Amino acid sequence: MIIFLVGFMGCGKSTTGRRLAERLGYAFADTDTLVAERCGKSVAEIFASEGEEFFRRNERKAIEDLPSEGDLVVATGGGAPCHADNMEQMLRKGKAVYLRMSPANLTDRLLHARSVRPKIAGMNPTELLAYVTDTLAERELFYRKAQIVIDCNGVDESYVIDHLRRILSER
Ligand code: S3P
């Protein structure tokens, strides 16, 4: 099974995805890493030198190149489901899981990880909360297309992983 973790920056897609893959004995991939490898530079460098559109084109190609068979957990970039036909591709290839988290909790987590994320680099806490609130409202339309939605507010990563494993085994 191919499992795609989708959700806003900071919701824990990469760390949860890596641990989920370990627990399931699946391979793990991260679309940001795939794009960075494809382009030979970091996501922040791609945004700075080639711009967001170039990043999105490569992000789409990275998703297109992923298999639809096998056992793989994929952590996707926060904007991936909202561009081109990425969400449709993910729904077709496997199961999409939306890791849902409130703007306040996302902002708390992102305050310590702004520099590596070009969309929010340099924002102060008030600007960040406003950006997360507004952008999440737009992006939820896409995230909510996922076959599985997990509320990650106030629960730890182990709970999310166990809960997800239970849901997946029941399907
Ligand atoms: C982005 C999220 C990032 C990365 C890029 C753009 C976004 O991924 O793809 O900086 O538009 O939300 P994470 O969600 O893994 O931080």
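Predicted model only: the values in this text are computed from it and were never measured.

*Asks:* Explanation requested: the site of the ligand in the structure shown.
*Replies:* As a matter of local geometry, the ligand sits amid 14 residues, with Lys13, Asp32, Arg56, Arg117 and Arg139 nearest to it. Between the ligand and Lys13 there is a distance of 2.6 Å, counted from an oxygen atom to a side-chain nitrogen or oxygen. A distance of 2.6 Å is found between an oxygen atom of the ligand and a side-chain nitrogen or oxygen belonging to Arg139. Judged by the proximity of its atoms to the pocket grid, the ligand belongs to the largest pocket.

*Asks:* Is there a simple way to think about the sheet that holds strand E4 (residues 95-100) in this case?
*Replies:* Sheet architecture is open: five strands sit in the order E2-E3-E1-E4-E5, paired in parallel fashion. Each of the sheet's edge strands pairs with one partner strand only, and the pair in question is strand E2 (27-30) and strand E5 (148-151). In this sheet, neighbouring strand axes are inclined to one another by 20 degrees on average, regardless of whether the strands run parallel or antiparallel. Of the pairings in the sheet, the one linking strand E1 (residues 2-6) to strand E3 (residues 72-75) comprises four bridges and is parallel in character. Counterpart to Ile3 in the pairing with E3 is Val73. Contacting E1 and E4, helix H5 (residues 86-93) crosses the sheet at an angle of about 145 degrees to E1.

*Asks:* Where do I start with the pattern of salt bridges in this structure?
*Replies:* For side chains bearing opposite charge, pairing can occur when the charged atoms are close. The tally for this structure, following the rule as stated, stands at twelve salt bridges. We note a salt bridge from Arg19 to Glu157, for which the minimum N-O separation is 2.7 Å. Within this pair, whereas Arg19 is found in helix H1 (residues 13-24), its partner Glu157 is found in helix H8 (residues 157-170), the two being separated by 138 residues in sequence. Judged by relative accessible area, which is 33%, Arg19 ranks as partly exposed. Taking the shortest distance from any N to any O, the salt bridge between Asp65 and Arg38 comes out at 2.6 Å.

*Asks:* What is the right way to look at the packing of aromatic side chains in this model?
*Replies:* Centre distance and the angle of the planes are the two values used to describe a pair of aromatic rings. Evaluated as defined, the whole model comprises three aromatic pairs. Here Phe47 and Phe55 contribute two aromatic rings whose centre-to-centre distance is 5.0 Å and whose plane-to-plane angle is 45 degrees, an arrangement assigned as tilted. Since its relative accessible area comes to 3%, Phe55 is described here as buried.

*Asks:* I tried to follow the side chain of Thr76 on my own but got confused; where do I start?
*Replies:* Tracing the backbone through its elements, the reader meets Thr76 in the loop between E3 and H5. Note on Thr76: relative accessible area 3%, which makes it buried. Within the local environment of Thr76, its side chain forms a polar contact with the backbone oxygen of Leu5, the two atoms lying 2.7 Å apart. Those residues in contact with Thr76, other than ones at most four positions away along the chain, are Phe4, Leu5, Val6, Lys13, Thr31 and Met90.

Basis of the calculations
- Going along each chain's sequence as written, the residues are numbered from 1 onward.
- Owing to the predicted nature of the model, reporting of local features is limited to residues with pLDDT of at least 70; listing and counting of side-chain atom pairs is limited to 80 or more, with chain, interface and lining totals taken over all residues.
- The side-chain numbers reported here are obtained from all heavy atoms of the structure, hydrogens and water having been left aside.
- Proximity is defined per residue: any heavy atom of the residue falling within 4 Å of a molecule or strand makes that residue near it.
- Side-chain atoms alone can form a polar contact between residues adjacent in sequence; in general such a contact is a pair of N or O atoms within 3.5 Å, and within protein one must be able to donate a hydrogen while the other accepts it.
- For cavity detection a 1 Å grid was placed over the protein atoms alone, and a set of points counts as a cavity when a 1.4 Å probe fits there but cannot get out; an open set counts as a pocket when protein lies on both sides within 12 Å along at least five of seven lines, with lining residues being those that have an atom within 4 Å of a point.
- The way we define it, a molecule is inside a pocket or cavity when more than half of its atoms are within 2 Å of that pocket's grid points.
- At least two bridges found by DSSP between two strands are what make those strands a pair.
- Numbering of helices and strands starts at the N terminus; helices are DSSP runs of H or I of at least 4 residues and strands are runs of E of at least 2.
- Under this scheme, a helix contributes an axis fitted over its contacting stretch, all axes are lines through C-alpha atoms, and angles between N-to-C directions fall in the 0 to 180 degree range.
- By definition, residues are in contact when any of their heavy atoms lie within 4.5 Å.
- We count a salt bridge whenever a side-chain nitrogen from Lys or Arg sits within 4 Å of a carboxyl oxygen from Asp or Glu.
- In this scheme, a residue with accessible area under 20% of its type's maximum is buried, one over 50% is exposed, and one in between is partly exposed, where area comes from a 1.4 Å probe on protein chains only.
- For Phe, Tyr and Trp, rings pair up if their centres lie within 6.5 Å, where Trp contributes its six-membered ring, and each pair is then called stacked (planes under 30 degrees apart), edge-to-face (over 60) or tilted (otherwise).

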